[in-house]
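Coordinate analysis (summary)
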Amino acid sequence: MSSQPAPANVSFIVPVRNRAALLRTALASCVSQSIESWEAIILDDHSDEDIEGVVASFNDSRIRYQRQDSGCSGVAAAREAAIQVAHSDVFITLDADDINHPHRAHRCAELLALTCPRLIYTRVRFFDHKTGINRPKPVFQPFCAQLFRYFNFITNPGTAFNRSAYEAAGGYYDHHLCVAEDYDLYLRMSKAGVQILGLDEEHVSYRKGSGSTTEGQREEIRKALESIRAKHVLPPFSFESVMQLYALPELAQTMLDNPTTKALWSDDRWQPDI
């Protein structure tokens, strides 16, 4: 690898706290991209494991390590810090335990190398080596602004956006949110008129094992959703009505038939007429 790589067309934004072995696999998926003009910014959120050593082992100047400032922690702050030092204007979300597909950087560069603000999201592939799961996300919901106000159908590991979209939304992640910080950012993008494009393509494999951030955090997620609804001044709503009005029928049925998901997204403020 030359010490003077081509200027980056895209930047993988990679917050990480521990998970060194999984990070190695994620970074290998960056190295395997079909184009060479990318960078990966590894933002170490005060790990106990040797994350810097993992980065150094690749001996690739496109993979850049930075440690979170003392007194600052959390995935929102880490994503924001990574974007601040990015050399490109296209930001690709990559969690430290997920795997890029080889064409991802090229497709994101094609779709986001423009001046108008744009966010893209794709269908993801769920996988878990322990359970043998390896399948695409069953239902892909095209973008619907009315539905998105009340229900986040965008799977964050499948997202990418350009700098103008980020700046249109204020140019920050909300550090007060431990989870759902992506939903808050994308709501602000939607309200700012950013073009949000859903692509029924697979760009990333999303690890769905017990260690994933979406497991075992229902109460934390509910609190974050309450905060986001207050911040965005969303009126009380019936989750069932919203799904029936705006979601694809198969998505509505899947969400409403699942008591756990329905309870997670339902609005406790809603009082049906008696």
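Relevant structure appears above.
Residues numbered from 1 in each chain as written. Predicted model: local features only at pLDDT ≥ 70, side-chain atom pairs only at ≥ 80, totals over all residues. Heavy atoms only, no water.

1. Some words on the pairing of strand 9 (residues 195-207)
Going by this rule: Strand pairing follows a simple DSSP-based rule, namely that at least 2 bridges must link the two strands. Under the DSSP-based scheme used, a helix requires at least four consecutive residues in state H or I and a strand at least two consecutive residues in state E, with every element numbered from the N terminus.
For strand 5 (residues 99-100) and strand 9, the ladder comprises two bridges, and the chain directions are antiparallel. For N100, the partnering residue across the bridge sits in strand 9 and is V204. In the sheet, strand 6 (residues 118-128) pairs with strand 9 via nine bridges, with the strands oriented parallel. Residue pairing in the sheet places I120 in a bridge with L197 of strand 9.

2. Examining the packing of aromatic side chains
Selection rule: Under the pairing criterion, centres of Phe, Tyr and Trp rings, with the six-membered ring standing for Trp, must be within 6.5 Å; the plane angle then separates stacked pairs below 30 degrees from edge-to-face pairs above 60, leaving the rest tilted. When accessible area is computed with a 1.4 Å probe and restricted to protein chains, residues below 20% of their type maximum are described as buried, those above 50% as exposed, and intermediate ones as partly exposed. Any Lys NZ or Arg CZ found within 6 Å of a ring centre and within 35 degrees of that ring's normal is scored as a charge over the ring.
Here the structure, examined in full by the defined rule, presents 17 aromatic pairs. Centre to centre, the rings of Y166 and Y173 are 6.1 Å apart; their planes meet at 45°, and the pair counts as tilted. Assigned by exposure class, Y166 and Y173 land together as buried. Members of the aromatic cluster, each reached through a chain of ring pairs, are Y121, F140, F143, F148, F151, F153, Y183, F239 and W265. Seen from the ring of Y172, R188 lies directly overhead, with NZ or CZ sitting 3.8 Å from the centre.

3. Description of the pattern of salt bridges
Keep this limit in mind: We count a salt bridge whenever a side-chain nitrogen from Lys or Arg sits within 4 Å of a carboxyl oxygen from Asp or Glu.
Counted according to the given criterion, the structure contains 16 salt bridges. The shortest N-O distance in the salt bridge between E202 and R125 comes to 2.8 Å. One end of the pair, E202, is in strand 9; the other, R125, is in strand 6, with 77 residues separating them in the sequence. The class for E202 is partly exposed, based on a relative accessible area of 21%. As a salt-bridge pair, D268 and R222 come within 2.6 Å of each other at their nearest N and O atoms. Linking D268 in the segment after helix 11 (259-265) with R222 in helix 8 (residues 218-231), this pair joins segments that are 46 residues apart in sequence. Judged by relative accessible area, which is 54%, D268 ranks as exposed. Through salt bridges that share partners, D174, D184, R188 and K231 make up one connected network.

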